[in-house]
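Take a look at the letters that make up each chain.
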Amino acid sequence: MTLERDGRQGTAPFGSLLSQPANNIFVRPQDTVYVFTQPQTFLAMGASGQQGQFSFGAWRLTLAEAMAKAGGLKDDHADPGSVFIYRGEPREVAKQLGVDCTRYSGPLVPVIYILDLRDPGGYFIATEFEMRNKDVIFASNANSVEATKFMTYLRMIIGTVSDPIVAGIDAYTLKGLANGSISGATTIVTSSR
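Note that the structure is predicted; figures quoted are calculated from it, not measured.

A. The packing of aromatic side chains, seen in detail. Under the definition given, this model contains four aromatic pairs. Seen from their ring centres, F42 and F54 are 5.4 Å apart, and the 20 degrees between their planes marks the pair as stacked. Of the two residues, F42 sits in strand β4 (residues 41-46) while F54 sits in strand β5 (residues 52-55), which places them twelve residues apart along the sequence. Taking the relative accessible area as the measure of exposure, F54 reaches 13% and is therefore buried. In textbook terms, an aromatic cluster arises when at least three aromatic residues are bridged by ring pairs, as seen for F42, F54 and F56.

B. Quick peek at the pattern of salt bridges. Taken as a whole and assessed by the stated rule, the structure comprises six salt bridges. Residue R118 pairs with D79 through a salt bridge whose shortest N-O separation is 2.7 Å. Of this pair, R118 sits in the loop between β7 (108-115) and α4 (121-128) while D79 sits in strand β6 (residues 78-90), placing them 39 residues apart in sequence. Take D79: its relative accessible area is 11%, and that puts it in the buried class. Residue R87 pairs with E89 through a salt bridge whose shortest N-O separation is 3.5 Å.

C. Structural context of the side chain of S48. Looking at the element boundaries, S48 is found in the loop between β4 and β5. A distance of 2.7 Å separates a polar side-chain atom of S48 from the backbone oxygen of Q50. Among all residues touching S48, those that are not within four sequence positions of it are A70, G72, L73, K74 and A139.

D. How the structure looks around unusual backbone geometry. With phi around 50 degrees, D6 is a residue other than glycine that occupies positive phi space. Examined against the element boundaries, D6 turns out to sit in the loop between β1 (2-5) and β2 (8-11). Judged by relative accessible area, D6 falls into the exposed class, the value being 76%.

Definitions and limits used
Residues numbered from 1 in each chain as written. Predicted model: local features only at pLDDT ≥ 70, side-chain atom pairs only at ≥ 80, totals over all residues. Heavy atoms only, no water. Phe/Tyr/Trp six-rings, centres within 6.5 Å; stacked < 30°, edge-to-face > 60°. Helix = DSSP H or I, 4+ residues; strand = E, 2+ residues; numbered from the N terminus. Buried < 20%, exposed > 50% of the residue type's maximum accessible area, 1.4 Å probe, protein only. Salt bridge = Lys/Arg side-chain N within 4 Å of Asp/Glu carboxyl O. Polar contact = N/O pair within 3.5 Å; in protein donor to acceptor, adjacent residues only side chain to side chain. Contact = heavy atoms within 4.5 Å.

Below is the structure:
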């Protein structure tokens, strides 16, 4: 809901008008009231259960609820100590948070919040931290994921070199068996995989 009065506008979600009486003000003559639907969304990326854009589905959503909507954190991929929330904060709020705002000229300053879910208190913070429209949640990969990626890459390189050799040995052995020239007493060809 948006109320326009004397050239000024104020906007509040409809739910806040019902649940917070201070937001529910009287309309005066010459006021204009706009009622519209503007879905609020957030993005979930990284090692979350699902990645993509998600609708709030309500006028209020906590970080814990948003993470649950995105499928939580992947147990085998995510680092629960490194969950990041990217948000554009008004300049005044960013200054109160201690951010050096001199590099930013617009009214919004990019701020990154870090949530550590290894700390049991992190869950309480997540239930109190209110999401805003267009927030981004990024769940960082665990260190073990990077090691696994490296080992997979290393295995690919080793396989590229050794697989043709093993295939050649196997072909030579099959050819010898087919010709009857390889017997248990004359030649033994082994390969290790």
